[in-house]
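Each chain, written out:
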Amino acid sequence: MNDRMENLLLALPGLLLLVLAFFLPIGQMLVLSVTGPEGPLAPFVRFLSDPYYLGILWRTVRLSLLITLICGAIGFPLAYIMTKVGPRLRLWLVVMVILPLMTSVVVRTFGWMVLLSRSGLIPEMLRDMGLVGRNFALMQTETAIVIGMVQVLLPFMALSILGVLTRIDGRLEEAARTMGCSFLQTIRTVVLPLALPGIVAGSLLCFTLSASAFITPNLLGGTRIQVLAASIYKSVTATPDWPFAAAQAVILFAGIALVLVPYIKMTGARNG
Amino acid sequence: MANVRLTSIQKSFAKTAVLHSISLDIASGEFISLLGASGCGKTTLLRIVAGLESVTAGAVEIDGRDVTGLPPEKRDIAMMFQSYALLPHLSVAENVRFPLRMRGIGNREEQAERVKAALETVQLGHLSERKPRQLSGGQQQRVALARAIVSKPKVLLLDEPLSNLDARLREDMQVELIEIHQRLGLTTIFVTHDQEEALSLSDRIVLLNAGRVEQEGTPAQIYSQPATGFASNFIGSANLLPAEIFEGPDGPVARFADGQALALARTETARGAVTVALRQEDLSLSAEGNGPRAKVRTRVFLGARNRYVMSLAGQPLRALTANDLDFADGQEVSLAIDPARVRIIRD
Amino acid sequence: MVKSVPAWLRILSVVFVALTALILLAPLIVVVGVSVSESQFIAFPPNGLSLRWYSQVLSSNAYLGAGWISIQIALMVTGFATLIGGAAAIAIHRRQLPFSDVLATVFLSPLVLPTIIYAIGMLMFWSSAFGPVSPVTLALSHTIIALPYVVRTTLAVLAESNPYLEEAARTMGANRLQRLWFVVVPQCIPGLAAGAFFAFNISFDEAVLSLFLRGPTLTTLPVQIYGQLEFSPDPSVAAVSTIMIALTIVLIFVIDRMLGLTKFASA
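Residues numbered from 1 in each chain as written. Chains lettered and ligands numbered in written order. Predicted model: local features only at pLDDT ≥ 70, side-chain atom pairs only at ≥ 80, totals over all residues. Heavy atoms only, no water.

### Quick word on helix H11 (residues 228–237) of chain A
In an α-helix, one turn spans 3.6 residues, which is why side chains three or four residues apart end up on the same side.
Reasoning step 1: When you tally the buried positions in H11(A), you get eight out of ten residues, the bulk of the element.
Reasoning step 2: Within H11(A), burial applies to Leu228(A), Ala229(A), Ala230(A), Ser231(A), Ile232(A), Tyr233(A), Ser235(A) and Val236(A). (Buried < 20%, exposed > 50% of the residue type's maximum accessible area, 1.4 Å probe, protein only. Helix = DSSP H or I, 4+ residues; strand = E, 2+ residues; numbered from the N terminus.)

### Observations concerning a nonpolar patch on the surface
Reasoning step 1: A cluster of nonpolar side chains, contributed by Met1(A), Met5(A), Leu8(A), Leu9(A), Leu12(A), Leu16(A), Phe99(C) and Val102(C), occupies part of the molecular surface with about 770 Å² of accessible area.
Reasoning step 2: At five residues, helix H1 (residues 3–34) of chain A tops the list of elements feeding residues into the nonpolar patch.
Reasoning step 3: Mapping Met1(A) onto the fold places it in the segment before H1. (Patch = residues over 30% accessible without salt bridge, like charges linked within 9 Å, V, L, I, M, F, W, Y side chains within 5 Å. Areas by Shrake-Rupley, 256 points an atom, 1.4 Å probe, with all protein chains shown as cover. Salt bridge = Lys/Arg side-chain N within 4 Å of Asp/Glu carboxyl O.)

### A word on the packing of helix H5 (residues 115–129) of chain C against helix H6 (residues 135–160) of chain C
Residues and elements named next belong to chain C.
Reasoning step 1: Two elements in contact, H5 and H6, have axes whose closest approach is 12 Å; the angle formed by their N-to-C orientations is 145 degrees. Seen along the crossing, H5 lies across H6 with a hand that is right-handed. Of the residues in H6, those in contact with Tyr118, Met122 and Trp126 of H5 are Thr137, Leu140, Ser141, Ile144 and Ile145.
Reasoning step 2: Looking at side-chain class alone, the contact of H5 with H6 contains six nonpolar, two polar and no charged residues. (Axes fitted to C-alpha atoms, helices over the stretch in contact; angles between N-to-C directions. Left-handed = near helix turned anticlockwise from the far one by under 90°. Contact = heavy atoms within 4.5 Å. Nonpolar A, V, L, I, M, F, W, Y, C, P; charged D, E, K, R; others polar.)

### Brief notes about the sheet that holds strand E9 (residues 204–209) of chain B
All names here are of chain B.
Reasoning step 1: Strand order in the open sheet formed by six strands is E6-E7-E8-E3-E9-E10, and the pairing between neighbours is mixed. If you trace the sheet from one side to the other, it starts and ends with strand E6 (77–80) and strand E10 (212–217), each paired once. Pairs of neighbouring strands in the sheet enclose a mean axial angle of 20 degrees, with direction left out of account.
Reasoning step 2: Two strands pair when backbone bridges link them, and E6 and strand E7 (residues 155–159) are joined in this way by four bridges, in the parallel orientation. Residue pairing for E7: Met80 is matched across the bridge by Leu158.
Reasoning step 3: Where helix H4 (residues 137–149) meets the sheet, its contacts fall on E6 and E7, and the angle it forms with E6 comes to roughly 170 degrees. (Pairing = 2+ DSSP bridges.)

### Structural notes on the interface of chain C and chain B
Reasoning step 1: Tallying the contact residues gives 18 residues for chain C and 21 residues for chain B.
Reasoning step 2: Where chain C abuts chain B, roughly 1700 Å² becomes buried across the two surfaces, and 62% of that area is made up of carbon and sulfur atoms.
Reasoning step 3: Linking chain C with chain B are three salt bridges, by the criterion used here.
Reasoning step 4: Between Arg179(C) and Glu73(B) there is a salt bridge, with its nearest N and O atoms 3.3 Å apart.
Reasoning step 5: Joining chain C to chain B, the criterion identifies seven residue pairs in polar contact (both at pLDDT 80 or more). (Buried area = accessible area lost by both parts, 1.4 Å probe. Polar contact = N/O pair within 3.5 Å; in protein donor to acceptor, adjacent residues only side chain to side chain.)

### Some words on the arrangement of the chains
Reasoning step 1: There are two pairs of chains in contact here; the most contacts are made by chains A and C.
Reasoning step 2: Contact between chain A and chain B is absent, and the least distance between their C-alpha atoms amounts to 11 Å.

### Quick look at the interface of chain A and chain C
Reasoning step 1: With 80 residues of chain A at the interface, the matching set in chain C holds 87 residues.
Reasoning step 2: Regarding the contact of chain A and chain C, the summed buried area is about 7600 Å², with carbon and sulfur atoms giving 82% of it.
Reasoning step 3: One can count three salt bridges joining chain A with chain C.
Reasoning step 4: Note that Arg94(C) is salt-bridged to Glu6(A), the shortest N-O span being 3.0 Å.
Reasoning step 5: Run the count over chain A and chain C and you get 14 residue pairs in polar contact (both at pLDDT 80 or more).
Reasoning step 6: The element best represented in the side of chain A that touches chain C is H1(A), accounting for 22 residues.
Reasoning step 7: Residues of the side of chain A that touches chain C, tallied by class, amount to 59 nonpolar, twelve polar and nine charged.

Honestly, it's all geometry; don't read function into it.
Written as structure tokens, this is what we have:
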């Protein structure tokens with residue numbers, strides 16, 4: 001028994017599990033996506049030549065970008081405020097972020113279903129204020145998906161940025177102020193550039209998670225407004241068409257890899 | 001208690017040699033210091049004795065037995081780390097009991113007794129139930145010491161154990177280490193970069209430089225007869241000045257680059273180009289005098305003493321003086337030194 | 001620092017935090033509100049006050065069965081992920097294996113892959129290789145997505161521990177097993193605890209894998225709720241959801257007591 005043996009033994013159960021229940025299944029899915037009964041690559045051709053599916057793809061990208069953008073716009077100030085308040089208030093703000101994060105997506109989406117439904121609180125209020133017409137509805141719209149997804153993903157963004165912000169030396173800001181920066185200038189020239197790694201990481205996380213979400217979009221957008229992940233789910237359950245489901249998953253994976261790989265390369269180059 | 005013998009120890013890390021054939025005999029009960037600057041290989045040598053590092057070539061013997069291939073847990077040693085390495089989840093008493101428990105020494109009562117005795121030796125009997133993080137740095141250090149002596153190891157290895165303490169505590173700990181060593185008589189190898197620590201604690205000092213033994217000897221020998229320029233510069237941080245030795249009318253004289261001369265002892269036999277080593281504390285300064293003259297560049301007030309930084313023949317020269325001696329910057333002062341205190345290093 | 005922030009910005013940030021809190025917490029508050037309603041239909045603000053939906057949930061075999069399966073699976077996942085992930089983290093931390101960096105990437109990779117992609121792969125592979133899915137299958141797949149969290153939290157505490165402890169233990173005569181058990185594992189405990197909480201929470205709330213790998217006798221609580229929401233939601237769904245929220249609150253409280261919530265959140 002030497003050191004290497006001992007460590008190999010420690011890592012072995014995990015490696016076995018990962019190979020058997022993670023890498024093999026994904027590998028098999030990749031193979032299945034290109035070797036369907038309709039011939040190689042047929043599912044991809046079907047997806048990419050059908051305007052319906054291209055529309056789904058475009059909607060997924062568009063909504064994911066919008067959701068990521070909103071999460072960033074709310075998440076950065078929220079995280080910044082969290083670093084500046086006293087420890088007691090910070091604890092409560094952390095609870096405010098963690099509680100939704102640790103609650104099942106199904107439960108949170110249910111809350112939005114109640115709030116956004118035809119007779120729900122929000123449309124009622126908007127109608128009462130005269131801002132919208134009598135036929136106004138939020139459920140089964142893209143707006144509903146965006147609202148629900150922002151609530152689901154905002155904690156991820158806020159915590160990513162918070163992680164980086166807490167490691168910034170607070171004296172840097174004070175130094176900037178003594179050098180004549182106004183508060184907003186300090187944010188722009190000191191805090192934002194230093195928080196960038198957190199913002200980028202949080203954005204990638206948000207984009208990835210929203211592009212691959214289907215529970216919230218399904219429940220709030222209904223069957224009419226489909227996103228890619230929902231279409232995958234349908235291909236698996238409603239019309240069992242596994243090669244097509246696999247092909248769509250590969251397209252989703254490729255799209256996400258397109259966004260992630262430059263980032264991993266960038267951070268990899270920086271760390272080593 | 002046992003002797004330690006190192007035979008031609010060599011160590012390389014990825015083709016870079018850090019120790020070049022070091023041999024050392026350490027007598028039973030001896031307190032020996034490995035002294036040197038960081039990167040000289042002193043800690044590597046200690047870790048080789050502990051078994052934490054393998055040797056590239058050479059042999060380690062403890063108590064007459066070759067232990068070169070034995071892992072640390074099978075060598076009967078104890079080591080105190082610079083960061084103390086106390087187990088944070090165990091209480092003070094459990095930390096001290098750890099080596100007894102791992103080695104299966106004694107039953108529970110015997111172990112408890114030895115832990116108690118060890119903690120009393122370092123005057124921490126009253127803190128045995130605390131966790132390490134509830135102790136001050138000095139107290140943690142004592143726990144580490146108690147843990148190192150509790151199993152009565154054949155060799156006690158100390159890796160810069162005092163370097164994280166402030167000056168006051170360090171002095172107290174030095175006294176305590178000497179007393180404990182006298183009482184227990186453990187063969188002790190002490191690694192330090194601090195010459196004062198080495199001088200005050202050791203029976204013998206091994207001065208290491210770039211993986212080689214530069215000089216070894218008793219503290220008095222090392223201090224008063226440094227064998228090399230490195231040794232005299234490292235111990236007592238002497239001024240090293242290039243000079244040439246001539247036969248003068250009253251015996252040998254060292255002449256510096258600017259032509260000024262310094263009288264040497266009559267017994268000095270070296271001639272020609274040499275390096276003259278002048279200890280800071282051996283130099284005395286006066287406004288009027290017939291020794292070599294140096295120009296004061298600045299004075300550093302050290303409390304009990306003053307340090308003058310001067311220049312002589314274009315070389316910086318430092319001297320420690322009484323704190324009431326007052327010279328102005330730019331003033332020329334005369335140097336005097338007992339010729340017997342001047343060390344000549346042949347180039 | 002706070003003093004030098006302009007007053008209008010400070011007022012703005014108070015309003016901002018309040019609005020954010022509303023967005024984040026509104027759906028949870030609504031769910032709790034609906035659950036105590038007397039009405040047959042889902043209504044918020046609730047009409048009247050009653051606990052009838054709770055008693056209905058507690059007498060519903062569908063909900064109790066799903067809840068029981070969820071708890072069983074979450075406990076299995078907690079055990080698997082903590083043991084396997086903790087052991088792997090120790091091996092990665094020691095950096096004695098020639099491919100340590102790759103190993104870390106391998107163990108964290110399930111974090112990057114969207115769950116839905118993994119879920120399809122798992123469904124296809126498992127049913128073709130081993131036949132119908134069982135609770136253990138689902139637990140293993142949950143373990144895969146919980147593993148990176150355990151590895152990360154354990155690596156984080158190990159990185160902060162004194163790197164000389166194992167060597168010190170060697171000089172004190174501890175053999176391989178003793179070092180692992182008496183020295184390394186105790187250092188890991190805060191990380192293992194945080195990882196265990198993550199694992200339990202991830203498994204208990206997980207809906208994507210559970211939807212793909214569900215079966216007639218394998219329905220977890222989130223899947224049961226999702227099914228209700230797709231077809232016929234009534235206030236009993238809100239009652240179950242409220243119980244899940246309450247469980248989350250308890251979990252957060254325990255985490256804060258044991259590990260400190262702020263620290264946990266930054267893991």
